[in-house]
Amino acid sequence: MRKLAEYYQEQRNFIAGVILVVLLCGTLFVSYQHKQKAVPSAALTLQAIFNKADGVNVGSSVRLAGKQIGRVVSTELDEFYRVKMTFAFPEYVPLPVDTAAMIETDGLVGNKYIELLAGGDEEFLQNGDEFLYTQDVLLLDQLLERFLGWMRIKKGIVENELLSEGDK
């Protein structure tokens, strides 16, 4: 009787393991499909060149005024080792030719995305055009380095003022 109970317990454990693996594979498949989902029949594709694009990948969103209007569909290096990105928009969005493309972060350490800042020109970007103005990603360590440099300069100015007051 004991062997029969052990057999059924092993069978239940095996079935539970198989169900868990199937569910895990299904979850991974669905999330992969969602991430790789391309914009169907893009009405507009535009390009931008960035010196540094850490964290922006194919599938990252492209937003205008905080609303997603497109996706990054390809990234590649150009001949000067800059990142050339192609954005696709499912419907035509009239963007002035002086529109800027900036890499932004959701929150302090969230996902990276492309934010478009529409310009005021009366001409609009056409399919295949390139953004004239881009702003690279600003990494947290670079921001901290800039702040510390600013503090050192400020400290140097204060020390120089104190030294010049001492000479009087």
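Higher on the page you've got the structure.
Residues numbered from 1 in each chain as written. Predicted model: local features only at pLDDT ≥ 70, side-chain atom pairs only at ≥ 80, totals over all residues. Heavy atoms only, no water.

Novice: Requested: an account of a nonpolar patch on the surface, with residues and values cited.
Specialist: Among the surface-exposed residues, Phe-14, Ile-15, Val-18, Ile-19, Val-22 and Leu-23 lie close enough to one another that they form a single nonpolar patch of about 590 Å² accessible area. Structurally, the position occupied by Leu-23 is in helix α1 (residues 2-35). (Patch = residues over 30% accessible without salt bridge, like charges linked within 9 Å, V, L, I, M, F, W, Y side chains within 5 Å. Areas by Shrake-Rupley, 256 points an atom, 1.4 Å probe, with all protein chains shown as cover. Salt bridge = Lys/Arg side-chain N within 4 Å of Asp/Glu carboxyl O. Helix = DSSP H or I, 4+ residues; strand = E, 2+ residues; numbered from the N terminus.)

Novice: Lay out the packing of aromatic side chains in plain terms, naming residues and giving numbers.
Specialist: Here a ring pair, both rings aromatic, is described through the centre-centre distance and the interplanar angle of the planes. With the rule as written, the count across this model stands at one aromatic pair. On the basis of an interplanar angle of 50 degrees and a centroid distance of 6.0 Å, the ring pair of Phe-87 and Phe-131 is categorised as tilted. On the criterion of sequence distance, the pair formed by Phe-87 in strand β4 (residues 83-89) and Phe-131 in the loop between β6 (112-117) and β7 (133-135) is long-range, its members being 44 residues apart. Classification of Phe-131 as buried rests on a relative accessible area of 3%. A cation sits over an aromatic face here: Arg-63 above Tyr-113, 3.9 Å from the ring centre. (Phe/Tyr/Trp six-rings, centres within 6.5 Å; stacked < 30°, edge-to-face > 60°. Buried < 20%, exposed > 50% of the residue type's maximum accessible area, 1.4 Å probe, protein only. Lys NZ or Arg CZ within 6 Å of the ring centre and 35° of its normal.)

Novice: Tell me about unusual backbone geometry, and name the residues and values.
Specialist: With the exception of glycine, most residues fall at negative phi, and the peptide bonds are largely trans. A positive phi angle, close to 55 degrees, is found at Ala-65, a residue other than glycine. Its place among the elements puts Ala-65 in the loop between β2 (61-64) and β3 (67-77).

Novice: Can you lay out the nonpolar core for me, pointing to particular residues and giving the numbers?
Specialist: The biggest cluster of nonpolar side chains holds 22 residues, and the ones touching the most others in it are Phe-50, Met-85, Phe-87, Phe-89, Ile-114, Leu-116 and Phe-131. The set of elements that each furnish at least two residues to this core consists of β1 (44-50), β3, β4, β5 (100-105) and β6. Excluding residues within four positions of it along the chain, Phe-50 makes contact with Arg-82, Val-83, Met-85, Phe-87, Ala-101, Ile-103, Ile-114, Thr-134, Gln-135 and Asp-136. (Core = buried A, V, L, I, M, F, W, Y, C linked by side-chain atoms within 4.5 Å. Contact = heavy atoms within 4.5 Å.)

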